[in-house]
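Breakdown of the fold
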Amino acid sequence: AQSVTQLGSHVSVSEGALVLLRCNYSSSVPPYLFWYVQYPNQGLQLLLKYTTGATLVKGINGFEAEFKKSETSFHLTKPSAHMSDAAEYFCAVSVDNYGQNFVFGPGTRLSVLP
Amino acid sequence: GAVVSQHPSRVICKSGTSVKIECRSLDFQATTMFWYRQFPKQSLMLMATSNEGSKATYEQGVEKDKFLINHASLTLSTLTVTSAHPEDSSFYICSASPGGLGETQYFGPGTRLLVL
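Let me begin by describing the structure that accompanies this report. (Residues numbered from 1 in each chain as written. Chains lettered and ligands numbered in written order. Predicted model: local features only at pLDDT ≥ 70, side-chain atom pairs only at ≥ 80, totals over all residues. Heavy atoms only, no water.)

Observations concerning the environment of Thr32(B)
Operational definition: Think of it this way: any DSSP run of H or I at least four residues long counts as a helix, any run of E at least two long counts as a strand, and we number them from the N terminus. In what follows, a contact means two residues having at least one pair of non-hydrogen atoms within 4.5 Å.
Relative to the helices and strands, Thr32(B) resides in strand E4 (residues 32-38). For the pair Thr32(B) and Ala48(B), spaced 16 residues apart in the sequence, the C-alpha separation amounts to 11 Å. Each residue touching Thr32(B), except ones within four places of it in the same chain, is listed here: Gln100(A), Thr49(B), Ser50(B), Asn51(B), His71(B), Ser95(B), Ala96(B) and Ser97(B).

In structure tokens, the structure reads:
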């Protein structure tokens, strides 16, 4: 069975600073990895996903993530935080490439300080 | 593209009544739809998976007689919370997947249920 951990339930950064949200996974088979963002009282919006191919994945809103198999990690980064980035971020893993069987991490709340 | 809607966005009901939540894929056909529950400041917990025309598959610990799921068409799934109690108050989120290779899940905006 697969699982996801996200180090840091709450991360605070200053506006303009680097954003780094950590995600580690465990999976017995090659994983498919996703990052979603959730704004208050809203559903989840896909930021980016890794399926196969290039390990550095670029997503929307300037975010990117790198799949590192040796570290079983899929950390999310953004060079410069904006106030609008404040939200809850969820990492998810799946063992199929058909949009099924997602397991979500516990989430990380990102605060952006002026 | 890939828009999923939920209705209602917020509902308040009395204990003992039933509440129906609709989930629609607006611009694609959803082979599979998923229902999640999210408690405050927590992650999403999968409740059930439904395929069009089939009975839903419920996760362990989820009462299928309490949370009735119907996936009557490729664009509509409904979750009915029967005889709702205050402990059923939560944020319910649906997602839909076209099911093809390389696809993902597209999430609805969620429904906030408050049972008094």
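Moving on from the model shown.
Notes on the interface of chain A and chain B
Formally: Summed over both partners, the accessible area (1.4 Å probe) lost when two parts come together is defined as the buried area. Salt bridges are defined as contacts in which a side-chain nitrogen from Lys or Arg sits within 4 Å of a carboxyl oxygen from Asp or Glu. Under the rule applied, a polar contact is a pair of N or O atoms within 3.5 Å (in protein, one hydrogen donor and one hydrogen acceptor; residues adjacent in sequence only if both atoms are side-chain atoms). Residues are grouped as follows: Ala, Val, Leu, Ile, Met, Phe, Trp, Tyr, Cys and Pro are nonpolar; Asp, Glu, Lys and Arg are charged; every other residue, Gly included, is polar.
Listed by partner, the interface residues are 19 residues for chain A and 22 residues for chain B. Regarding the contact of chain A and chain B, the summed buried area is about 1,700 Å², with carbon and sulfur atoms giving 49% of it. When residues of chain A are sorted by the area they lose upon contact with chain B, Asn41(A), Tyr98(A) and Phe104(A) head the list and together hold 26% of the total. Taken together, chain A and chain B are joined by zero salt bridges. Summed over the shared surface of chain A and chain B, the result is seven residue pairs in polar contact (both at pLDDT 80 or more). For the side of chain A that touches chain B, the secondary structure elements donating two or more residues are strand E5 (32-38) and strand E6 (44-50) of chain A. Across the side of chain A that touches chain B, the residue classes tally to nine nonpolar, nine polar and one charged.

Looking at a nonpolar patch on the surface
All names here are of chain B. Let me state the cut-off plainly: Each patch is assembled from residues with relative accessible area greater than 30% and no salt bridge, linking like charges that lie within 9 Å and nonpolar side chains (Val, Leu, Ile, Met, Phe, Trp, Tyr) that lie within 5 Å. For the accessible areas, the method is Shrake-Rupley and the probe is 1.4 Å, while residue cover comes only from the protein chains on display. Only protein chains enter the accessibility calculation, which uses a 1.4 Å probe; a residue is then buried when its area is under 20% of its type maximum, exposed when over 50%, and partly exposed in between.
Nonpolar side chains collect at one region of the surface, where Ile12, Leu114 and Leu116 lie side by side and expose about 300 Å² of accessible area between them. Relative to the helices and strands, isoleucine 12 is located in strand E2 (residues 10-13). Taking relative accessible area as the criterion, isoleucine 12 reaches 54% and is therefore assigned exposed.

Observations concerning the packing of aromatic side chains
Put simply, the rule is: Between rings of Phe, Tyr and Trp, where Trp is taken as its six-membered ring, a pair exists when centres lie within 6.5 Å; planes separated by under 30 degrees are stacked, by over 60 edge-to-face, and by other angles tilted.
Scanning the model with the defined rule gives 14 aromatic pairs over all chains in all. A centroid spacing of 5.8 Å and a plane angle of 75 degrees characterise the contact between Phe104(A) and Phe107(B), whose relative ring orientation is edge-to-face. One end of the pair, Phe104(A), is in strand E11 (residues 103-104); the other, Phe107(B), is in strand E10 (residues 106-107), on a second chain. Linked through ring pairs, Phe34(A), Tyr36(A), Phe102(A), Phe104(A), Tyr36(B) and Phe107(B) together constitute an aromatic cluster.

Let's talk about the pattern of salt bridges
All names here are of chain A. Applying the stated criterion across every chain yields a total of five salt bridges over all chains. Here aspartate 85 ties to lysine 78 by a salt bridge, and the two come within 2.8 Å at their closest N and O atoms. Comparing aspartate 85 with lysine 78, the two get one shared label, buried. The partner of arginine 109 in a salt bridge is glutamate 88, with the nearest N and O atoms 3.1 Å apart. Here glutamate 88 lies in strand E10 (residues 87-94) and arginine 109 lies in strand E12 (residues 108-113), a separation of 21 residues in the sequence. The class of arginine 109 is partly exposed, set by a relative accessible area of 34%.

Some words on the sheet that holds strand E3 (residues 19-25) of chain B
Residue and element names in this part refer to chain B. Under the convention used in this document: When DSSP locates at least two bridges between a pair of strands, those strands are taken to pair. Note on geometry: axes are lines fitted to C-alpha atoms, helical ones only across the stretch in contact, with angles between N-to-C directions running from 0 to 180 degrees.
Strand order in the open sheet made by the four strands is E1-E3-E8-E7, with antiparallel pairing throughout. The strands lining the two open edges of the sheet, one partner per strand, are strand E1 (4-7) and strand E7 (67-73). Here the average twist between neighbouring strands, direction ignored, is 15 degrees. As paired strands, E7 and strand E8 (residues 76-81) are joined by five bridges and run antiparallel to one another. Note on E8: the bridge partner recorded for phenylalanine 67 is valine 81.

Remarks on unusual backbone geometry
The omega angle of the peptide bond from His7(B) to Pro8(B) is 0 degrees, so this bond is cis rather than trans. Relative to the helices and strands, Pro8(B) is located in the loop between E1 and E2. Its identity as a non-glycine residue notwithstanding, Asn61(A) has a phi of 60 degrees, on the positive side. As for its position among the elements, Asn61(A) is in the loop between strand E7 (56-58) and strand E8 (64-68). Assessed through its relative accessible area of 42%, Asn61(A) is described here as partly exposed. Phi is positive for Ser83(B), which is not a glycine, with a value near 45 degrees.

All we've got here are geometric facts, nothing functional implied.
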